[in-house]
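Spelled out, the chains give:
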Amino acid sequence: MGVLKCAIFIHLGKIVFSMARIHRLSLQHFRNLTQLDWTLDAGQNILVGDNAAGKTALIEALWFLASGRSFRANQPKQLIQQDHSQFTLFCEVAHQSTTHRLGLSRDANQTDIHLDGQKNTPQSALSQCLPLQLLTPESHQLLTEGPKARRRYLDWGCFYHYPEFIAHWRSYQRALKQRNMALKQHRPQDEVALWDKSLIQSGTAVNQIRQDYLEKLEPILHDFAEYLMPRFNQQHRLTLNFYPGWSAQTGGDFAQSLQQHLVKDRQLGFTQYGPHRMDIRIKVDQQDALLRLSRGQQKLLVCSLLLAQAQYLAEQTGESVIMLIDDLPAELDETHRYKLLNLLQEMQIQHLVTTTAIELIPNIDKGSRQTFLLQQGQLSQQA
Ligand SMILES: Nc1ncnc2c1ncn2[C@@H]1O[C@H](COP(=O)(O)OP(=O)(O)OP(=O)(O)O)[C@@H](O)[C@H]1O
Ligand SMILES: [Mg+2]
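Since the structure is predicted, the reported quantities are computational estimates derived from the model, not experimental observations.

> Just to check I follow, could you spell out the sheet that holds strand β13 (residues 369-375) for this structure?
Strand pairs in the sheet, formed through backbone hydrogen bonds, run parallel or antiparallel to each other. In space, the six strands of this open sheet follow the order β7-β11-β12-β3-β13-β14, with mixed pairing throughout. Across the chains shown, the open sheet's two edge strands, defined by having one partner strand only, are β7 (132-135) and β14 (378-382). Within the sheet, the average angular offset between the axes of one strand and its neighbour, ignoring direction, is 20 degrees. One ladder, built from four bridges, connects β7 with strand β11 (residues 322-325); its direction is parallel. When the sheet's bridge partners are listed, L135 is paired in β11 with I325. Against the sheet, helix α13 (residues 295-317) engages β7 and β11, with an angle of about 170 degrees to β7.

> What am I meant to see in the site of ligand 1 here?
Residues in contact with ligand 1 amount to 16 residues; listed here are only the nearest, A52, G54, K55, T56 and I80. Here an oxygen atom of ligand 1 sits 2.8 Å away from a polar atom, N or O, in the main chain of A52. Residue I80 places a main-chain N or O atom 2.9 Å away from a nitrogen atom belonging to ligand 1. Against a free-state accessible area of 660 Å², the protein chains account for coverage of 68% of ligand 1.

> I would appreciate a short explanation of the packing of aromatic side chains in the present structure.
Aromatic ring pairs: the centre-centre distance and the angle between the two ring planes describe each pair. Applying the stated criterion to the full structure yields nine aromatic pairs. Summarising the aromatic geometry, the rings of Y213 and Y312 are spaced 5.9 Å apart at their centres and angled 50 degrees between planes, so their arrangement reads as tilted. Pair noted here: Y213 is in helix α8 (residues 196-228) and Y312 is in helix α13, with a separation of 99 residues, a long-range link. Residue Y213 is classed as buried on the basis of its relative accessible area of 0%. Ring centres of W246 and F254 lie 5.0 Å apart, and the angle between their planes is 25 degrees; on these two criteria the pair is classed as stacked. For the residue pair W246 and F254, the accessibility class agrees, reading buried in each case. Aromatic ring contacts, followed pair by pair, group W169, Y172, W246 and F254 into a single cluster. One Lys or Arg, R210, reaches over the ring of W169 and ends 5.0 Å from the middle of that ring.

> What exactly am I supposed to notice about the nonpolar core here?
Side chains of nonpolar character tend, in soluble globular proteins, to be buried together. The biggest cluster of nonpolar side chains holds 67 residues, and the ones touching the most others in it are I282, L305, L307 and L340. A per-element tally of this core places α8 first, with twelve residues. Of the domains in this structure, domain 1 (20-131 + 319-383) and domain 2 (138-318) are the two that each give at least three residues to this core. Ignoring anything within four residues of it in the chain, the contact list for L305 reads L142, L143, Y153, L221, L240 and I282. Residues F30, C129, L132 and L352 belong to the second largest nonpolar core, which totals 42 residues.

> What's the story with the environment of L290 in this structure? I'm lost.
Relative to the helices and strands, L290 is located in helix α12 (residues 289-292). Here the alpha-carbon distance between L290 and H140, two residues 150 residues apart in the chain, equals 10.0 Å. The residues contacting L290, other than those within four sequence positions of it, are L143, T144 and Q298.

> Sorry if this is basic, but what is going on with the side chain of N233 here?
Looking at where N233 falls in the secondary structure, it is placed in helix α9 (residues 230-235). If near-sequence neighbours (up to four positions away) are discounted, N233 is found in contact with H222, A225 and E226.

> In this structure, what is going on with the pairing of strand β5 (residues 98-107)? I would like to understand it.
A regular strand carries its side chains on alternate faces of the sheet. When strand β4 (residues 86-95) meets β5, the two strands line up antiparallel, connected through ten bridges. Directly across from F87, in β5, lies its bridge partner R106. With antiparallel pairing between neighbouring strands as the criterion, β4 and β5 make up a hairpin whose turn holds two residues, including Q96 at a positive phi of roughly 50 degrees. For β5 and strand β6 (residues 111-115), the ladder comprises five bridges, and the chain directions are antiparallel. Directly across from S105, in β6, lies its bridge partner D112. Connecting β5 to the antiparallel partner β6 that follows it, the hairpin turn spans three residues.

Parameters and conventions
Residues numbered from 1 in each chain as written. Chains lettered and ligands numbered in written order. Predicted model: local features only at pLDDT ≥ 70, side-chain atom pairs only at ≥ 80, totals over all residues. Heavy atoms only, no water. Pairing = 2+ DSSP bridges. Helix = DSSP H or I, 4+ residues; strand = E, 2+ residues; numbered from the N terminus. Axes fitted to C-alpha atoms, helices over the stretch in contact; angles between N-to-C directions. Contact = heavy atoms within 4.5 Å. Near = heavy atom within 4 Å. Polar contact = N/O pair within 3.5 Å; in protein donor to acceptor, adjacent residues only side chain to side chain. Areas by Shrake-Rupley, 256 points an atom, 1.4 Å probe, with all protein chains shown as cover. Phe/Tyr/Trp six-rings, centres within 6.5 Å; stacked < 30°, edge-to-face > 60°. Buried < 20%, exposed > 50% of the residue type's maximum accessible area, 1.4 Å probe, protein only. Lys NZ or Arg CZ within 6 Å of the ring centre and 35° of its normal. Core = buried A, V, L, I, M, F, W, Y, C linked by side-chain atoms within 4.5 Å. Domains from an automatic or database assignment.

Right, dumping it as structure tokens:
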């Protein structure tokens, strides 16, 4: 097969995987799903259901467990089934050769998290055990919307690769909040400056990690783009430019940038520049990627970006991600559906794919596969 000559398959052969794998998911009172138990296949899981069956809700439940937030609701209380007071999620996951039990319940006000029977676990501990990636019909927003989605994308990798990242990021957020409060209340200059030391220290650390991670990711991205969109990749130059969150005119130094913008920050009442404004500027032939890519190409580029992260994680840690793909047929045409699923099986990534019709999912002749039908809130396994 021609595709197997692609550079990415050469990389794949060298990796020994310790697969992250969801064994079981059960949930209660999550959106339209009253009570559901799901034992998943280690490879491909196809979830078939009519519109409004609750397919996206199932993907959303897993995403909530792994990230503490929904990708489509601003308020977690919207996820609680109507006329109920809370939802609960439970998941059994194999991660780094250990089976973990993750539990989460959420009422109108608060979230309770359990990990392996331990109460009051931080959300980050669940995220650590459940390295999920998500592809939905809205995923092209990674390219089309503001920088927030791209910061989340990059920070996902920083979180899994650099154990110290989360502490630096939290410390940065804390210092930023205090500094902004001082600016907003028009406190004297030395009170504003009080926060600068920890802001600069943690901000610089966050920045270095992000820059380092993006540098490692970029060549891998090109391998996946070559596989998923070869003609485009050969004819155009795709680049990821790192924007730290402040102007490069200051020589790249965050401390200098703070100093330079202090007067304006005080007028505006907030810190204008810093790692909280970071962005990845995705360019095609030095132009904004959006101007050059069709909607389908945007989706393929987003797939390539996610797969590059998955591959780099596997190369560095031997761990695989778990991929959630909501409404695959809405995402990609038949050729690319095949290419993507083939690659996921080749990479030994457990994946969940939702669709309204099984015929739209190409049969990949490798790896294991199970099909489940979601109907009236109940799951049944198909032969
Ligand atoms: N809090 C809630 N309580 C009860 N039902 C809800 C709640 N939130 C959403 N729903 C309902 O859950 C159902 C499932 O929605 P979901 O988006 O998961 O369906 P889907 O299978 O992904 O459909 P589609 O194929 O159209 O994407 C919808 O009928 C929706 O109205
Ligand atoms: Mg849906």
